[in-house]
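What follows is each chain in one-letter form.
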Amino acid sequence: MNSLANITWGGIEHWPVALLGLGLAAGGVALFYGQQARALAMPWRWVLPALRVSALLALAISILRPVLIRAKSSEEQGAVLVLFDRSMSMSALDRTLSNAPERGRVVGHLVALADGLGKLVGSSRIRAMADVHRDIRGLELLAEDVARTHREVEYARLSGRDPQEAHKRFEAAIGNFQGAISRAQSGAKALSPRPAVVGYLTELSQSVRPGADREKWLKATQETIRKAVAAASRSQEVIGEKLYRSDPQVRLVCDELSRMSRFDLCWEGACRPEGLFTGLARNAPIVAMGIGDEILPMTPRRAAGSAPEFPAEPTGASSDLTGGIRKALQQLGRQPVQAVVLFSDGRQVGASAPIQSGLLASGVPIFTVYAAPARVRDLSIARVDMPASVFVDEQLTVRVEPKNLGLDVTRLTGEATAGAGGELIARKPLLRDNKLEPLEFSMSFRSAGVEKITISLPIQENESATSNNQVDRWVKVLSQKLKVTAISGSPGWDFRYLRELLSRTPWVELRDPIVVPGVSALAMSGEELGRQDLIILNDVPDEALNVEQWEAISRLVHERGGSVIVIPGISNVQQEYMDEAFLPYSPAKVRPAWRTWPGPTPHYRMVPEASAENLEFLKLDENAAVSRRRWEELPSFYRFLAIPELKSNVRTLLVERESHNPLLTETRVGNGRAFFLAMNETWRWRRASGDREQDRFWLQLVRHAVDEPYTLASEPLSLDLEKVVAEPEESIRVRARLTTRKPAGGFPKELQMSIVRDDEEFRSEKLSAVGAEGDGRYAGVLSGLPEGQYDLKVWAPVGDGSVTELTLPLKIERSSEAEMADLSGDRDFLQRLAEASGGTCINLDQIDTLPRLVSDARLRQPRTAETALWDSAYLFLFVISCLTAEWALRKRLGLA
């Protein structure tokens, strides 16, 4: 392209066409305007042709595609967007000094950090060692680049292509790798005394080319680099500790830094004199924001003679770094950005970790500053397993999994505690056989309602955070027992053990009649059957129940949302009067048959179906691996009912291990569910582990089969919340039921519900009737509630004209447990985020290099703006304006 002043021509090769077009335009104007122009007075004799020629001239010049080049203003070059991670993990105090064995390492890091923040004078050895450390960390990526380009050379040769270009890239990668090693060697050798890292660098320099076994070379090289990084870290620690001991001023500065959180240190580094804000503000506007649960502006505020104030605190309950960057950019709108600087510990909690492509515009680098230390010291509660509800007098087991980061296990002290309702219930030693293992607490409750469970771990010396040593959980204590009727035509061992188990279970109200064909029949009325929650039909013949009773069971499941468990017998595979919807197969198409093992010992085994093995009600232990092993180790049995084909709406839960024939199935039937168990020898499991597996299996199945009882249950009204503690904006299901007899006018179509906050009504909702008409069931969904403590009140009319009311507490809060459960940082994530955009990841103690890195990146970006004149709106407006003005003048002068 040729240039003329500040205009370049993108289509200069088309000048003959432009010249021809210009000549034709000039000739046409002279020909057609000549006669008319002579009759006009001055100056119109020249104005009209000039307008026409100007328009045509502009069109002719556009063929040459002119582009206007001009220097960008500082605003056009873009702002530097500085982001601070405001998640709660950034509040950790990682560099607290103690008398622990790792004190030397912490002191070394503090001295390096103080030097990076510009608080030390005359500490060039610390800075030089930090530079060596950074150079060595970069060797691993350069080594991978060598191996990758070496593969490209071999692939080019094998595919018959010219390997010259690939070989050039390979040699360039070798040069970069060797150059980085040399720089690190020079820096390390200049230090006195020479650090041990020099030996590893020498070893690397002697083998910079992969041999025949490329993968072996890469693995050995990476291992040597890791050793070199560790040696550089140790050398930096030794140098820093000597300086800390010998210089009182260094001690004072480091002690001050040791009391600062990750977030405080990042803010200190950004606001220090001649630091990020002051260093970059000379050349580009700075926009600072905090990313967390919301995006907050963080413009430094400095009072006279004091340090900048903190405009925000790290209170975010989750971390979404990539999402936070995107939201911050959206807040900037159309303002251009030349670089992004992110201060963070790299943790992604509550969001997907992959780095999305197109996060920033092409050429805009992200510079990440890693705020976490190399090693964190913290004891936290990683996980708590407990049911969401428990019955009155039922034992509640709370399983707690503690997590240790960087603390010497042998030095952990104290006891873990569990409390409820503000009272201490149990204590347990933190360690068992000098090992930190999961803890279990057991408790029970005498009254119904909502109970707060508090689990605490003892606080250890100099932990990074103590807020994650305690968690609160809420459990619903239910008073309403499950109404279960177990009907059997033959008292086999399975039914005997099941009946005995349910009869001693405090949350089950059991009726267990045994019917004998021709001798006794079921004495319960259809109305009584319709009030049950679950009916178990074990080897029940047709004649044991009359038509009214069979129909009552069918209505219970279809309309009232009850459940049925069918266990077929040898002679009663299916019954004529039983609802076919209870069966997992179609009797008109399929005739199942009992399959019996002919050998002297049982052979068949029951295991969860692959897609169902993680269902909670099928687990034989809280630990999934232990549960799978227990299923595999269960004693075998002789006989099962083989079902050749299942209905399309049937879910298989348990299968025979070898043949994969379904043994336990679940089917949605109207408002309820039907379960079909195609075997009756679970009693054999008792031979291996007593009643543990059999009891657990049956109790979990019974509890799963029945909809959970209401948290509050009274004679006229029952009320339940899906959960009593929820996240903001989370949807919560509400259930209610009127338990009185149906009034003459029928149950109301809606119940009034009020959400109360601070003794004032915050919002009102309605619960709509669900299920069969006249069932008295109501349901609704709450959503959009902000954080706070609420009371949920539901009113219902009573037969005498009065109103009854029930109230349940509801707490809306943003939980930070996941954010604080693991305080270890993720530098690799920040490294990938930076490299994906052409930026750099540095440690917090290297923050003094950040202004230079950002400025260098700024110089690599285009500093001029281009405006295409040939296809712009300006050309269009100019041509239209000329032609419009010409037409208007012709009209006025009487030539149109």
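Residues numbered from 1 in each chain as written. Predicted model: local features only at pLDDT ≥ 70, side-chain atom pairs only at ≥ 80, totals over all residues. Heavy atoms only, no water.

A. Molecular detail of the overall build of the protein chain. A tally of regular secondary structure across the protein chain gives 23 helices and 39 strands. The 896 residues of the protein chain split such that 48% are buried. Considering only contacts in the protein chain between residues 6 or more positions apart, those separated by 24 or more positions represent 73%. Of the roughly 43000 Å² that the protein chain leaves accessible, carbon and sulfur atoms contribute 51%. (Helix = DSSP H or I, 4+ residues; strand = E, 2+ residues; numbered from the N terminus. Buried < 20%, exposed > 50% of the residue type's maximum accessible area, 1.4 Å probe, protein only. Contact = heavy atoms within 4.5 Å. Areas by Shrake-Rupley, 256 points an atom, 1.4 Å probe, with all protein chains shown as cover.)

B. The packing of aromatic side chains, seen in detail. What the rule picks out here adds up to 15 aromatic pairs. Plain terms: the ring middles of W631 and W685 are 5.8 Å apart, the flat faces sit at 85 degrees to each other, and that makes the pair edge-to-face. Placement of W631 in helix α17 (residues 624–633) and of W685 in the loop between β28 (672–677) and α18 (686–689) is noted, with a sequence separation of 54 residues between them. By relative accessible area, W631 is classed as buried at 3%. (Phe/Tyr/Trp six-rings, centres within 6.5 Å; stacked < 30°, edge-to-face > 60°.)

C. Representation of helix α8 (residues 197–205). Among the residues of α8, those classed as buried are V197, V198, L201 and L204. Each buried residue of α8 sits inside an arc of 120 degrees when the element is viewed along its axis, so together they form one side. (Arc of directions from axis to C-beta.)

D. Focus on a nonpolar patch on the surface. Judged by side-chain polarity, V53, L57 and I61 come together as a nonpolar surface patch covering roughly 190 Å² of accessible area. The class of I61 is partly exposed, set by a relative accessible area of 34%. (Patch = residues over 30% accessible without salt bridge, like charges linked within 9 Å, V, L, I, M, F, W, Y side chains within 5 Å. Salt bridge = Lys/Arg side-chain N within 4 Å of Asp/Glu carboxyl O.)

E. Expanded view of the sheet that holds strand β18 (residues 470–478). The strand order β12-β18-β17-β14-β15 describes an open sheet built from five strands, whose pairing is mixed. The sheet terminates laterally at β12 (389–391) and β15 (423–429), the two strands that pair on one side only. On average, each strand axis in the sheet is inclined to that of its neighbour by 25 degrees, with strand direction left out of account. As paired strands, strand β17 (residues 449–456) and β18 are joined by eight bridges and run antiparallel to one another. In the sheet register, I453 faces β18, and the bridge partner there is R473. (Pairing = 2+ DSSP bridges. Axes fitted to C-alpha atoms, helices over the stretch in contact; angles between N-to-C directions.)

F. Examining the environment of A836 more closely. Take A836: it is sitting in helix α21 (residues 827–837). A836 sits in the exposed class, given a relative accessible area of 63%.

G. Looking closely at the sheet that holds strand β35 (residues 777–782). Reading across from one edge, β29-β30-β32-β35-β34-β33-β36-β37-β31 is the order of the nine strands in this open sheet, with mixed pairing throughout. Of all strands in the sheet, those bounded by a partner on one side alone are β29 (712–713) and β31 (725–726). Sheet topology note: the β29/strand β30 (residues 717–721) ladder contains two bridges and is antiparallel. In the strand pairing of β30, L712 is matched with L719.

H. Broad picture of the pattern of salt bridges. Within this structure, the stated rule accounts for 42 salt bridges. One salt bridge connects E813 with K811, and the closest N-O pair in it is separated by 3.5 Å. A relative accessible area of 29% means that E813 is categorised as partly exposed. With a relative accessible area of 23%, K811 lands in the partly exposed category.

I. Up close: the side chain of T224. Secondary-structure assignment places T224 in helix α9 (residues 214–246). With a relative accessible area of 9%, T224 lands in the buried category. If sequence neighbours within four positions are ignored, T224 has contacts with Y200, E203 and L204.

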